Amino acid sequence: MVSVNAQLNLTYQGQVNYNENLSDIWGYAAPNGDEYGLVGAHNGLSIVDVNDPENPTELFYIDGESSTWRDIKTWGEFCYVTNEEGSGLLVVDLTDLPNTIDFFNWTPNIPGLGTLQTAHNIWIDEFGYAYLVGCNINSGGMLYIDLFTDPFDPQFIDAGPAIYAHDVFVRNNLAYASEIYAGEFAVYDVSNKSNTSLLGNHETAANFTHNGWLSDDNTIIYTTDEVAGASVGSYDVSDPSDIIELDQFIPYETLGDGVIPHNVHVWEDWLIISYYTDGCILVDGSNPTNLVEVGNFDTYIPASTGFNGAWGAYPYLPSGIVLVSDIGNGMYVLEPNYVNACWLEGTITDASNSNPISDASIVLMATNVFDASGIDGNYATGYAISGTYDVQVSKPGYETAVVEAVLENGVITILNVALNPLVSFSMGGLVTDEL
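Structural notes, computed from the coordinates. In this convention, every chain numbers its residues from 1, walking through the sequence in written order. The predicted origin of the model limits local features to residues at a pLDDT of at least 70 and limits the giving and counting of side-chain atom pairs to 80 or more, whereas totals for whole chains, interfaces and linings rest on all residues. The side-chain numbers reported here are obtained from all heavy atoms of the structure, hydrogens and water having been left aside.

### Details of the overall build of the chain
Put simply, DSSP marks the helices as runs of H or I at least four residues long and the strands as runs of E at least two long, and each gets a number from the N terminus on. For the chain, the count of helices and strands is 0 helices and 38 strands. Only the C-alpha atoms count toward the radius of gyration. The rule for a globule is 2.2 Å times the residue count to the power 0.38. Relative to the 2.2 N^0.38 estimate, which gives 22 Å for 435 residues, the radius of gyration of the chain is 25 Å and therefore close to what a compact globule would have. With respect to the principal axes defined by its C-alpha atoms, the chain has extents near 95 × 50 × 50 Å. At a minimum sequence separation of 6, the contacts of the chain that also span at least 24 residues come to 52%. In these tables, accessible area is a Shrake-Rupley quantity obtained with a 1.4 Å probe, and a residue counts as shielded only by the protein chains included in the view. Carbon and sulfur atoms make up 48% of the accessible area of the chain, which amounts to about 17500 Å² in all. Whether two residues touch is decided by their heavy atoms; if any such pair falls within 4.5 Å, the residues are in contact.

Right, here's the structure in full:
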């Protein structure tokens, strides 16, 4: 678990400024290859041409309810936008971009539930089902919507458990719901939309589960807690009835500052994470038991915390650019350089008896990387930049050791260190008053 200095492996390309605050962001690639940013703004949806990353240009703006929160997803050539103030779900036809757009607000009256007015978030799975969460109906629990029959005419199918979900990720008919107020993510079988079944759940480190994103092989979920100083967690969900925590990542550059993680996305082996006041951070997730930061770009320079700075980061356009929405500073276009971490792992033991040493300090000198050994003496950390480094290992009661380590990108370097106990001795004497 490690952080590196700002502005690494993410390069600024361009920016669009707004006279209002932004929220979440998504992207759209048209059938002809043109690329667009879909930007949630306080008063509506902004559609931006990003085909020239150095000169992104707003093409259309759809006015809507004034709302701090907007979430956006696409299905085919259509886009769907939620907000928390009213007017239901915004449905946008993108088929004639860049020339024109068509749109309307979907506010169905659902028997037994009421009229849909607001929603916090939306997910659309590979089959064309939309999952609305955090709505004004069903106590904020999941709503299942058919988009595949007619993308411009959504149809309500059924509702999931009436448990508030802040966000949800769905693949292979498994829904990973971020049940923020319960402080956990829950895994549901949604193959039968009329009979949702709970398969398992797991609390997250800060008990305020904001979002989750599944690895490409469907075995690991990465989660955020929207809490100051919280970590980004990795969990093995290959068996939803026996979920195993693997690691917790914290950006050490701002450790102790109370920085808040917001949204995590996964692209191949990497996590693309938006942090309030810390910008966009890239983490190598190919070794989910040892998450290491390998890139970052800070969109909010002041050294402060709170709900400012980067809200969302979208990495899925075919060109590979990353779109970042900063609440007060506009939409950024970044060029990523995805590199693997240089991992450093090993065991700290007592040289006199080979017993493991817990709570030993491991410091990669000349960097901000550090770790502490666990009860089994094991540690796991790493760095983004290859090279030869001095590693300082210390523990009260032992001689401090400084050992050289050669780090390579994509390689796990094993460094086991045996610490020598300090020699103990006793001394005696007589203390008297001076007359």
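Next, the rest of the story.
### Overview of the sheet that holds strand β24 (residues 260-267)
Strand order in the open sheet formed by 4 strands is β24-β25-β26-β27, with antiparallel pairing between adjacent strands. The sheet is open, and its two edges are formed by β24 and β27 (292-297), each paired on a single side. The mean angle between the axes of side-by-side strands here comes to 25 degrees, regardless of whether they run parallel or antiparallel. As defined by bridge partners, β24 adjoins strand β25 (residues 270-276) across 7 bridges and the pair is classed as antiparallel. Counterpart to Pro 261 in the pairing with β25 is Tyr 275. Should DSSP find at least two bridges between two strands, the strands are taken to pair. Only the contacting stretch of a helix is used when fitting its axis, a line to C-alpha atoms as for every element, and angles between N-to-C directions run 0 to 180 degrees.

### Here's the deal with unusual backbone geometry
Cis rather than trans, the peptide bond between Leu 97 and Pro 98 has omega equal to 5 degrees. With respect to the helices and strands, the residue Pro 98 is situated in the loop between β8 (89-93) and β9 (102-106). Residues other than glycine seldom take positive phi values, yet Asn 218 does so here, at roughly 70 degrees. The buried label goes to any residue with under 20% of its type's maximum accessible area, the exposed label to any with over 50%, and the partly exposed label to all in between, with areas taken from a 1.4 Å probe on protein chains only. With relative accessibility at 26%, the residue Asn 218 sits in the partly exposed group. Backbone geometry places Thr 277, a non-glycine residue, at a positive phi of 65 degrees. Its place among the elements puts Thr 277 in the loop between β25 and β26 (279-284). On the basis of relative accessible area, Thr 277 is assigned to the buried category, the value being 3%.

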